[in-house]
Amino acid sequence: DGGITQSPKYLFRKEGQNVTLSCEQNLNHDAMYWYRQDPGQGLRLIYYSQIVNDFQKGDIAEGYSVSREKKESFPLTVTSAQKNPTAFYLCASTSWSLAGGRDTQYFGPGTRLTVL
Amino acid sequence: KQEVTQIPAALSVPEGENLVLNCSFTDSAIYNLQWFRQDPGKGLTSLLLIQSSQREQTSGRLNASLDKSSGRSTLYIAASQPGDSATYLCAPDSGTYKYIFGTGTRLKVLA
C-alpha cells in the first residue's frame, strides 16, 4: 500500500538533546513537508522540499533542521536550540497536478514529541 | 496573503442530521481547495479535492462546493453518524510554496 510512515509515534527528549523524526513515503511524490501542530492551533509549516537535495524554511524553522538526500525520505531534526519543542509533528507529501497547483496532499500518522 | 476562516469552530449535533461546514478564504486566485479530516491524535486524511474549474465534488455522503469568486467553500455531510466525529479542515492552494490551513471545525455527532 502506498503511503507515508512516520517514526517513532512517541518521542521523549531531554533538555539539550537533539532528536530526529523519520518520514518516509512510497508515493513517488516530489514535494514533502513538515508541520507542527499545537493544541487548539492550526498547522504551521516548519520546512518543505520540492525536490531531492533542495529544501526551504517555512514559517517556524528556527531550532529545526532537515535533509533530503533521497526522494522517499525527509527526516526532521529538532535541535537543542528549539526552546519549546513539545508538539505533534506531521509529515506530508504531494505531487504537482496537470491542472495546475498541487494534487492531493497525503499526511503521515504523526509523531508526538515531549520534552522531559 | 491568504487567510482562511472556518465557521463554526465547533458543532455538536444528533445523529442523522445533514450538516454544513463553511470555509472562507481571502485570495480567490486558487488552483484548488482540499477538505481534510483529522481524528484526535492522528494525521490528516484528504476527503475531497475540488479544482478551481469545478463547482462541486462528491464522495459518498460528502459533497464539497466551491465559489472561487466569493472566496467560499462548503462541505455538506448528509445523514451524519457518530463516526463522522472529527475535526474538519480546509486548505486552498494558491500555488505558492505552502498550503494555508483553516483552524478547523470540531464536529461531534451524538448517538
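None of the values given here were measured: they were computed from a predicted structure.

Definitions and cut-offs
Residues numbered from 1 in each chain as written. Chains lettered and ligands numbered in written order. Predicted model: local features only at pLDDT ≥ 70, side-chain atom pairs only at ≥ 80, totals over all residues. Heavy atoms only, no water. Pairing = 2+ DSSP bridges. Helix = DSSP H or I, 4+ residues; strand = E, 2+ residues; numbered from the N terminus. Axes fitted to C-alpha atoms, helices over the stretch in contact; angles between N-to-C directions. Disulfide = S-S within 2.5 Å. Buried < 20%, exposed > 50% of the residue type's maximum accessible area, 1.4 Å probe, protein only.

Draft legend 1. Summary view of the sheet that holds strand E8 (residues 72–77) of chain B. Residues and elements named next belong to chain B. Taken together, 5 strands build an open sheet; the order of strands is E1-E3-E8-E7-E6 and the sheet is antiparallel. Each having just a single partner strand, strand E1 (4–7) and strand E6 (56–59) make up the two edges of the open sheet. Taking each pair of neighbouring strands and ignoring which way they run, the sheet shows an average axis angle of 15 degrees. Relative to strand E7 (residues 62–67), E6 is paired through 4 bridges, and the arrangement is antiparallel. Across the sheet, Glu56 pairs through a bridge with Ser65, a residue of E7.

Draft legend 2. Summary view of the state of the cysteines. In the structure shown here, the tally under the stated rule is 2 disulfides over all chains. The partner cysteine of Cys23 of chain A in its disulfide is Cys91 of chain A, sulfur to sulfur 1.9 Å. Between Cys23 of chain A and Cys91 of chain A the sulfur-sulfur dihedral comes to about -70 degrees; the bridge is accordingly left-handed. Of this pair, Cys23 of chain A sits in strand E3 (residues 19–25) while Cys91 of chain A sits in strand E9 (residues 87–94), and the two are 68 residues apart along the sequence. The pair Cys23 of chain A / Cys91 of chain A is uniform in exposure class, with both members buried. A sulfur-sulfur distance of 2.0 Å marks the disulfide that ties Cys23 of chain B to Cys90 of chain B. Of note, the bridge from Cys23 of chain B to Cys90 of chain B carries an S-S torsion of about 80 degrees and is right-handed in sense. Pair noted here: Cys23 of chain B is in strand E3 (residues 19–25) and Cys90 of chain B is in strand E9 (residues 86–93), with a separation of 67 residues, a long-range link. The pair formed by Cys23 of chain B and Cys90 of chain B is uniform in burial state, with each residue classed as buried.

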